Amino acid sequence: MRRGPCCWLETTMTDSKYFTTTKKGEIFELKAELNSDKKEKKKEAVKKVIASMTVGKDVSALFPDVVNCMQTDNLELKKLVYLYLMNYAKSQPDMAIMAVNTFVKDCEDPNPLIRALAVRTMGCIRVDKITEYLCEPLRKCLKDEDPYVRKTAAVCVAKLHDINAQLVEDQGFLDTLKDLISDSNPMVVANAVAALSEIAESHPSSNLLDLNPQSINKLLTALNECTEWGQIFILDCLANYMPKDDREAQSICERVTPRLSHANSAVVLSAVKVLMKFMEMLSKDLDYYGTLLKKLAPPLVTLLSAEPELQYVALRNINLIVQKRPEILKHEMKVFFVKYNDPIYVKLEKLDIMIRLASQANIAQVLAELKEYATEVDVDFVRKAVRAIGRCAIKVEQSAERCVSTLLDLIQTKVNYVVQEAIVVIKDIFRKYPNKYESVIATLCENLDSLDEPEARAAMIWIVGEYAERIDNADELLESFLEGFHDESTQVQLQLLTAIVKLFLKKPTETQELVQQVLSLATQDSDNPDLRDRGYIYWRLLSTDPVAAKEVVLAEKPLISEETDLIEPTLLDELICYIGTLASVYHKPPSAFVEGSRGVTHKSLLPRTGSNESVESPDTAPSGGPAADQPSVIPTQGDLLGDLLNLDLGPPVSGPPMATAPVQMGAVDLLGGGLDILMGGTGGSFTPAPNTAAPTNVGAPLGTGLGDLFDLTGGVGTLSGSYVAPKTVWLPAMKAKGLEISGTFSRQVGSISMDLVLTNKALQVMSDFAIQFNRNSFGLAPAAPLQVHAPLAPNQSVEISLPLNTVGSVMKMDPLNNLQVAVKNNIDVFYFSTLYPLHILFVEDGKMERQMFLATWKDIPNENETQFQIKDCSLNADAVSSKLQGSNIFTVAKRNVEGQDMLYQSLKLTNGIWVLAELRIQPSNPNLTLSLKCRAPEVSQYIYQAYETILKN
């Protein structure tokens, strides 16, 4: 009899009663019902048990009674019992074994649904004791005559591998799984591929999916008949295949292209991923290449007609595709125009893609659209639209004039946030097209009072400073900003300092008082090290060589690039390989957001036909060359060039201080006479400071305080060699397809080296090794290629000493001593990061002359002094001095005060930063007190770590 909707509703209502019972003594009653002879009563009881379990009640006491209900032909009851087993087997492993015989028996049941149910449940019960009993039934199910049972068993192998990988390998299940790829049923093929992919991700070094043209052909055949999720598994597997030539790549593309018209957006994106990867191998001259580009556009456009959440995912993927191949969607600009009812996250993403697709052909309609957006009510969207107009001007030169005109119209609206965004982008337009649109400056100056956001204020100050000679009252405008100097953000303070120095160099006679005021505010009244350092540099430049100052400060600026927010090319190639996954939505590689090593493998696009390597060999690029020539290894950090790491922040001397020669303070004594002239305002121009043998305060009596220590003899030990830390594993074999890298750093006779041990723990030979460093705080770079003279056989190790220099590109890292490394071989490119000890950067000429030590110690502000405790160090002063000198930390002087030894020490880093130290040693106290003074205080923590490492080893 056919059941209608009312009947179904009635059933649902009756099932809900299992969740409403609150009786006491329930467990006892259920126990009795579970052991009833009546089948219906038994089934009702099991339903009640599952209901209680679902709402969180503990019904584990009924385990033996529920297991007894397994002996039934009723499929519904069996499912319920299996559900209970999966939930409680882990907490009752001994009881769970009681069910094993029933599982084994069910795996031979004539009903394929029961066979599949049994093997699925056994795979879900994560109990070691049961897994060994699972092997025989699983082996039978993998070769079952029914495809439904085989596909369920295939997934079960992956689950079993997660519980006990060794068991799966010993039992030969992986080979059986590989055989299932040739199965006649497409769903079995898809599940086998899914299971092998899952296992391969957790064990990257195992070459499970060993794909060849024959197996690829079978996968492509199965692709047409699979369910949609089966198709996704197969397409993801195809994306990892490397075709032998462009003809095979084209053949695969032709067979994958029909998937682009699938109704499921996940299938479409997986197909796009395969095509994007294999297009790398196709020549752009081929007719098929052009056809493929045309076929890719419609499915991507269709994705934008889905609901907003799916649209957003599609747009994030399209953003990557457009950056890689803008020609795919160059004629589809209109689909990215914003609709009034789009959510803000969709609007912002569409806006980004519009800019990427903007060209001379479509710029008119894009600008008209953007101008419309700038009058919307959503503030974030309006800001982005105004900024987009500026990006159009920079990208499409022919449109610049029209863009500037549009921006001026928007400024006339007097809407505060619109005006501020417009000024920020006009600054960039001036940078891109100098001496072209400066006629608009007067309009900008009218809006000066309404600016309250740091970025807009900084942009306006830059414009006034840059074009000071064209603005009659430039000094008044800048002076108005100077009134609240200490309340401004750092960004504005830095810009104001530079702008006033530019103004002074252009109009020296009128603005000397203004420049003295800003330099005084920046250097004496500010506690911001960036601002203070920039102030001192300008001060020194102006006081020693105004001509050089003019060349530096008013130098011709490089034009800004068209696209400043493009994803770095190597990262983009990797993200293209992850289209349709979370990585493509976050625009980050999986390693950035997946914890642990499981499932994270770095991927790269295929090489073009005729090229043998998928990545440029790092050792072909000269170390220290321009960053554009060497793609950065891990480009996730911003390009934060730390001022303090680029500048020579040594003591104010004209050459490196030598312990043997008297120090001459030349024209570079920038804290001496030169500044007095500037502050005293004795003339209209700056004159160099007079030559003096030492700063005036050095001639003070040395009988008290810090001074008298220099009358005593220094107890300097003998050279004992720089400390080298033991090697540690930097890159485990599991993360690098069998390549293990251990290493340490050392410094000997002025040369830094990275001492490596490469071990091959894979089953194949490794060769073609190369190494590359990402930009780092101190410019560390390989001084020579990575020389591995013979291929590295399995289970073989090789020791290499790689010489390093410090002339590479500089980027401030966090932590400061972080080094990001890429190592390439014939298998893949692998990435790791390690921390290097700072003492490898201590140079041999780091001993400062005593008088200079005293002058510099007094010259460095007290707030730059940091104090640390070195605990449990039982060495005496001479032993400490000797040990530290071995690592280029030099004792300048030693004295004894009230029974405790004081060592005064200096060291110099490879980039010219000097560090001064006072080390206090008490004979009865194992803890040493270390005081460090340095012009770049952020290095102090790492210097302390170096001290501790050297003294305790």
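The structure displayed is predicted, hence computed values, not measured ones. (Residues numbered from 1 in each chain as written. Predicted model: local features only at pLDDT ≥ 70, side-chain atom pairs only at ≥ 80, totals over all residues. Heavy atoms only, no water.)

## A few points about the overall build of the protein
Convention followed: Put simply, DSSP marks the helices as runs of H or I at least four residues long and the strands as runs of E at least two long, and each gets a number from the N terminus on. Any two residues whose heavy atoms approach within 4.5 Å are treated as being in contact. Throughout, the Shrake-Rupley method with a 1.4 Å probe supplies accessible areas, and for residues the shown protein chains are the sole cover considered.
Counting its secondary structure elements, the protein contains 38 helices and 13 strands. Here the contacts in the protein between residues at least 6 apart in sequence split such that 68% fall between residues at least 24 apart. Total accessible area on the protein is roughly 43,200 Å²; 51% of this is exposed by carbon and sulfur atoms.

## Some thoughts on helix H18 (residues 287-303)
To keep things clear, this is the line we draw: Burial here depends on accessible area, computed with a 1.4 Å probe over protein chains only, as a share of the maximum for the residue type. Under 20% is buried, over 50% is exposed, and the range in between is partly exposed.
Turning to H18, its buried residues number three or more, namely Tyr288, Tyr289, Leu292, Leu293, Leu296, Ala297, Pro299, Leu300 and Leu303. Those residues of H18 hidden inside the fold are in contact with helix H16 (246-256), helix H17 (265-279) and helix H19 (308-324).

## Comments concerning the pairing of strand S8 (residues 829-835)
Which entries qualify depends on this criterion: Here the rule is simple: two strands pair whenever DSSP picks up at least two bridges between them.
Here 7 bridges tie strand S7 (residues 818-824) to S8, and the two strands are oriented antiparallel to one another. Within S8, the residue paired with Lys824 across the bridge is Val829. A loop of 4 residues connects S7 with S8, the two strands running antiparallel in sequence.

## What about a negative patch on the surface?
To keep it simple, the criterion reads: To count toward a patch, a residue needs a relative accessible area over 30% and no salt bridge; like charges are then connected within 9 Å, while nonpolar side chains (Val, Leu, Ile, Met, Phe, Trp, Tyr) are connected within 5 Å. Put simply, a salt bridge is a Lys or Arg side-chain nitrogen that is within 4 Å of an Asp or Glu carboxyl oxygen. When charges are tallied, Lys and Arg are placed among the positive residues and Asp and Glu among the negative ones, while His and the ends of the chain are skipped. Lys charges are placed at NZ, Arg charges at CZ, Asp charges at CG and Glu charges at CD.
There is a patch of like negative charges on the surface, built from Glu476, Glu479, Glu483 and Glu513. Residue placement: Glu513 occurs in helix H29 (residues 508-523).

## Structural notes on unusual backbone geometry
Along the chain, Asp814 connects to Pro815 via a cis peptide bond; the corresponding omega equals 0°. Of note, Pro815 is situated in the loop between strand S6 (797-805) and S7. Despite not being glycine, Val749 shows a phi value in the positive range, around 45°. Within the fold, Val749 resides in the loop between strand S2 (739-748) and strand S3 (751-760). Its relative accessible area of 83% is what places Val749 among the exposed residues.

## With respect to the side chain of Gln231
This is how it is decided: Think of a polar contact as two N or O atoms within 3.5 Å of one another; within protein, one of them needs to be a possible hydrogen donor and the other a possible acceptor, and neighboring residues in sequence only count if both atoms come from side chains.
Along the chain, Gln231 falls in helix H15 (residues 228-239). By relative accessible area, Gln231 is classed as buried at 4%. At 3.2 Å, the side chain of Gln231 and the side chain of Arg259 are in polar contact. When residues no more than four places from it in sequence are discounted, the contact partners of Gln231 are Leu223, Cys226, Arg259, His262 and Val267.

## Focus on the sheet that holds strand S11 (residues 900-908)
Let me state the cut-off plainly: Lines are fitted to the C-alpha atoms to define the axes, a helix being fitted only along its stretch in contact, and any angle between axes, read from their N-to-C directions, falls within 0 to 180 degrees.
Read across the sheet, 5 strands follow the order S9-S13-S12-S11-S10 without closing on themselves; strand pairing throughout is antiparallel. The open sheet is flanked by strand S9 (865-870) and strand S10 (890-897), the only strands paired with a single partner. Neighbour-to-neighbour, the strand axes of this sheet turn through a mean angle of 20°, independent of strand direction. Judged from the 7 bridges that link them, S10 and S11 form a sheet pairing that is antiparallel. The residue of S11 that forms the bridge with Val897 is Gln900. Along the sheet, helix H37 (residues 877-885) contacts S10, S11, strand S12 (914-921) and strand S13 (928-934); its crossing angle with S11, the most-contacted strand, is approximately 10°. Here helix H38 (residues 940-951) sits on the sheet in contact with S9, S11, S12 and S13, set at roughly 25° to S9.

## Observations concerning a nonpolar patch on the surface
Among the surface-exposed residues, Leu582, Tyr586, Phe593 and Val594 lie close enough to one another that they form a single nonpolar patch of about 340 Å² accessible area. By relative accessible area, Tyr586 is classed as partly exposed at 42%.

## Some points on the pattern of salt bridges
In this structure the tally under the stated criterion is 33 salt bridges. For Lys952, the salt bridge is made with Glu948, and the minimal N-O distance between the two is 3.5 Å. Take Lys952: its relative accessible area is 40%, and that puts it in the partly exposed class. By relative accessible area, Glu948 is classed as partly exposed at 22%. Taken together, the shared-partner salt bridges in this structure form one network comprising Arg383, Arg387, Glu421, Glu453 and Glu455.

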